[in-house]
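Working through the structure, step by step
So you can see what is in the structure, the chains are spelled out below.
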Amino acid sequence: MMLRFRAVVVFLVITSVVFSGAGAFAQNAAVSPGATKILQVLQGSGYQFTQFRPDVWSVERTGTSMKNIKVILSVGGDLLVIFVTVAPKARLKMTPEFMLAALRLNHSLDRVKIGIDDDGDFFVRTDTSIRVVDTTELKAQVEQVAAAANEVYEKTSSFMAEN
């Protein structure tokens, strides 16, 4: 009886080790090489960051007009998208004057694009090939997007409803 009990315990232990290892392998297999690279670059950047998923992170920056700037980094395929939501749809006053101000900003700012996403939120973003991202480029992109978001907020906040 005792021998049979030990055999069952050994079987259960071995089974749990095998399946827990397989689960970890399956989770790691789902992480793309691009996401792995960006995580490594982020870890070497000196930024404090929050990871939401294996391919999505945020970095907090501070601006003069937009006080708390949440910069989101997201990997999709071979691209790193870095963006800030300047204002959610609910706060925007979609007037022709707002659209003209946004278009002028889109023309005057370097390395970023400004727009309205599929949810109707107002954003500043940049798309970069993961192949060229190193620590220096990542930091330049994050700072560029944060600075542009601050400027866009400063020049368009009059077209936004209060929080």
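Here we summarise the structure given alongside this text.

What counts and how
Residues numbered from 1 in each chain as written. Predicted model: local features only at pLDDT ≥ 70, side-chain atom pairs only at ≥ 80, totals over all residues. Heavy atoms only, no water. Pairing = 2+ DSSP bridges. Helix = DSSP H or I, 4+ residues; strand = E, 2+ residues; numbered from the N terminus. Axes fitted to C-alpha atoms, helices over the stretch in contact; angles between N-to-C directions. Contact = heavy atoms within 4.5 Å. Parallel < 35°, antiparallel > 145°, perpendicular 65-115°, else oblique. Left-handed = near helix turned anticlockwise from the far one by under 90°. Nonpolar A, V, L, I, M, F, W, Y, C, P; charged D, E, K, R; others polar.

1. Topic: the sheet that holds strand β3 (residues 68-76)
- Pairing is antiparallel across the open sheet formed by six strands, whose spatial order is β1-β2-β3-β4-β6-β5. In this open sheet, the two edge strands, each paired with only one partner strand, are β1 (49-53) and β5 (113-116). Between one strand axis and the next, the sheet turns by 30 degrees as a mean value, whatever way the strands run.
- In the packing of helix α3 (residues 96-108) onto the sheet, the strands contacted are β5 and β6 (122-129), and the crossing angle to β5 comes to about 155 degrees.

2. What to know about the packing of α3 against helix α4 (residues 135-156)
- One can describe the packing of α3 onto α4 by two numbers: an axis separation of 10 Å at closest approach and a directional angle of 150 degrees. Classified by the angle their axes make, α3 and α4 are roughly antiparallel. Crossing handedness for the pair α3 and α4: right-handed. On α4, the residues touching Phe 98, Ala 101 and Leu 105 of α3 are Glu 151, Val 152, Lys 155 and Thr 156.
- Within the contact of α3 with α4, the residues separate by chemical class into four nonpolar, one polar and two charged.

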